[in-house]
Amino acid sequence: MLFVWKTKVKLLFKIHLICGARPNFMKIAPLYHILKKEQWCQVFIIHTGQHYDLMMSDVFLSNLGLPKPDFHFLKCNKSHAEQTGNIMIAYEKLCLKDRPDLVVVVGDVNSTIACSIAAKKLQLKVAHLEAGLRSYDRSMPEEINRVITDVIADILWTPSEDADQNLIKEGIAIEKIQRVGNIMIDTYCMLESKINIIDTWKKFNLVKGQYIVCTFHRPVNVDFRNRLHKIITVLNNIGLPCVFPMHPRTYKNFIKLTNCKNDNIIVTKPLSYIEFMNLLKNCKFIITDSGGIQEESTYLKIPCYTLRTSTERPITINIGSNTLVTMENLEEKITYFKKSEIPKLWDGKTAVRITKLLKDKFS
Ligand code: UD1
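Per chain, the residues get numbers from 1 upward, laid out in the order the sequence is written. pLDDT decides what is reported in this predicted model: residues at 70 or higher carry local features, side-chain atom pairs at 80 or more are listed and counted, and totals for whole chains, interfaces and linings draw on all residues regardless. No hydrogens and no water enter the side-chain calculation; it runs on all heavy atoms of the structure.

Chemist: Can you walk me through the environment of Leu74 in this structure?
Modeler: Per the convention used, a helix needs a DSSP run of H or I reaching at least four residues, while a strand needs a run of E reaching at least two, with both numbered from the N terminus. Its place among the elements puts Leu74 in the loop between strand E3 (71-72) and helix H3 (80-98). Buried means the residue's accessible area, taken with a 1.4 Å probe over protein chains only, is under 20% of the maximum for its type, while exposed means over 50%, and partly exposed covers the values in between. A relative accessible area of 76% places Leu74 in the exposed class. Here the alpha-carbon distance between Leu74 and Ala90, two residues 16 residues apart in the chain, equals 8.8 Å. By the convention used here, residues are in contact when the closest approach between their heavy atoms is within 4.5 Å. Apart from residues lying up to four places away in sequence, Leu74 is in contact with Thr48 and Gly49.

Structural data, given as structure tokens:
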């Protein structure tokens, strides 16, 4: 007689972590490392190919201790619609084969919205990390990505109370909102010991605390030659050396500028996360149009001047570490000293809180 033993195979809860652009890698890393240790789930990294340069992508994966992505789509440097569409098509195919139980999207880039839409149309569960941020400026592609992702996601992980309020005002059901804190601070805390032991400023022959860091990549600031020319001129006139790790989008236009005095400006390729954070924590102040740097500077208590008319991170303004500036008033706004405190739940434990919430619900 033949006996057939029936063993019950318990399938593990399958989580896809979506990343595609530079700021995404930082946001998935702390969550990946914690989820990876859990017995009840399997975690997969999906790289959408939105960013593809070594210094915009691979170097971040290695800095953050992330393995080669489990799935990597082809690079796509086309228009917004083509980029979003191509990522949607590729991710839909993957979801049909792989059927994740939960898709985690982060931030506000085109990969975030593309994968959210593809997953939701297949009725998969989507969680949005860094939900609820709003600049209320719909001319920013990121704002459109934020609003749409939040409307369709099932779980909204927010960094601060203002984000909860934004979602509630938009009619999002309160039970979907979970305030977990700021994941970018987890990333910093995770790598702080490595950040502290290098001296990036030495590489540029600078004196600690006596230089500025600037970053610009928003289309509104860098896509028009006159505007970029004006920005470079103002930075050059501040009177302190200014390190400018240049995003490829900015560099493409920067090299076309002629007759633009820039002898106080050190232009460099994008830096790795560890090098950049070391440069940031030792500078005098920061001038930027980035979102994440407004938060990192708040945590590091370094004054930040943001060359934008709005911010989706108003908490950094209220707390006093960040100031919105224009080209015209930048010089008068620079005070070198700002009062600042660290917002609640920006404590390096966001990934732990998320993992606990997921475990309680799904394990
Ligand atoms: C994207 C995000 C932005 C984020 C930024 C961080 C959207 C809508 N925007 O903007 O929110 O703050 O990333 O970096 O998703 N390029 C390269 N090499 C690369 C990547 C891009 O040369 O590795 C070029 C592209 O070909 C394109 C330009 O840079 O011409 C813009 O890239 P794209 O990914 O569309 O958006 P970002 O400006 O990087």
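Picking up where we left off.
Chemist: Can you help me understand the sheet that holds strand E2 (residues 41-47) in this one?
Modeler: Neighbouring strands of a sheet are bound in pairs by backbone hydrogen bonds; such pairs are parallel or else antiparallel. Two strands qualify as a pair provided that DSSP identifies no fewer than 2 bridges between them. Spatial ordering of the open sheet is given by E3-E2-E1-E4-E5-E6-E7, a layout of seven strands whose pairing is parallel. Edge positions in the sheet fall to E3 and strand E7 (177-179), since each of these pairs with one other strand and no more. As defined by bridge partners, strand E1 (residues 13-19) adjoins strand E4 (residues 102-106) across three bridges and the pair is classed as parallel. Following the sheet pairing, His16 is matched in E4 by Val103. Only the contacting stretch of a helix is used when fitting its axis, a line to C-alpha atoms as for every element, and angles between N-to-C directions run 0 to 180 degrees. Across the face of the sheet, helix H1 (residues 22-36) comes into contact with E1, E2, E4 and strand E5 (125-129) while running at roughly 160 degrees to E1.

Chemist: Help me understand the pairing of E2, please; the structure alone is not making it clear to me.
Modeler: On a regular strand, each side chain points to the face opposite its neighbour's, so the side chains alternate between the two faces of the sheet. Most of E2 is tucked away, with six of its seven residues classed as buried. Pairing of E1 with E2 involves seven bridges; the strand directions are parallel. In the sheet register, Ile18 faces E2, and the bridge partner there is Ile46. This β-α-β element, E1 to H1 to E2, shows right-handed connectivity. In this sheet, E3 lies alongside E2 in parallel orientation, the contact comprising two bridges. Residue pairing across strands places Ile46 opposite Phe71, the latter belonging to E3. Handedness rule for crossovers: strands pointing away from the viewer, path from the first strand over the helix to the second running clockwise, crossover right-handed. In this view, the connection linking E2 to its parallel neighbour E3 by way of helix H2 (residues 58-63) has right-handed handedness.

Chemist: Can you walk me through the packing of helix H7 (residues 183-196) against helix H13 (residues 292-300) in this structure?
Modeler: When two helices pack together, their arrangement is captured by the angle between the axes and the distance separating the axes. As a packed pair, H7 and H13 sit with axes 10 Å apart at the nearest point and diverge in direction by 55 degrees. It follows from the interaxial angle that H7 and H13 lie oblique. Here the hand of the crossing between H7 and H13 comes out right-handed. Contacts from Met184, Ile185, Tyr188 and Cys189 of H7 reach H13 at Gly292, Glu295, Glu296, Tyr299 and Leu300. Residues are grouped as follows: nonpolar covers Ala, Val, Leu, Ile, Met, Phe, Trp, Tyr, Cys and Pro; charged covers Asp, Glu, Lys and Arg; every other residue, Gly included, is treated as polar. Split by residue class, the contact of H7 with H13 holds six nonpolar, one polar and two charged. We call two directions roughly parallel when the angle between them is under 35 degrees, roughly antiparallel when it is over 145, roughly perpendicular when it lies between 65 and 115, and oblique otherwise. Each crossing gets its hand from how the near helix is turned against the far one by less than a right angle, where anticlockwise is left-handed and clockwise is right-handed.

Chemist: So what exactly am I meant to see when it comes to H1 here?
Modeler: Spacing of three or four residues puts side chains on the same side of an α-helix, whose turn is 3.6 residues. For H1, which comprises 15 residues, the first-to-last C-alpha distance of 21 Å matches the rise-based estimate of 21 Å (1.5 Å per residue) to within 8%. Fitting axes to the seven residues that end at a residue and to the seven that start at it, the angle between those axes gives the bend at that residue. At Ile28, H1 shows its strongest bend, of approximately 30 degrees, with the proline Pro30 following within four residues. Along H1, the positions that sit buried rather than exposed are Asn24, Phe25, Met26, Lys27, Ile28, Ala29, Pro30, Leu31, Tyr32 and Leu35. A helix is expected to span 1.5 Å multiplied by its residue count minus one.

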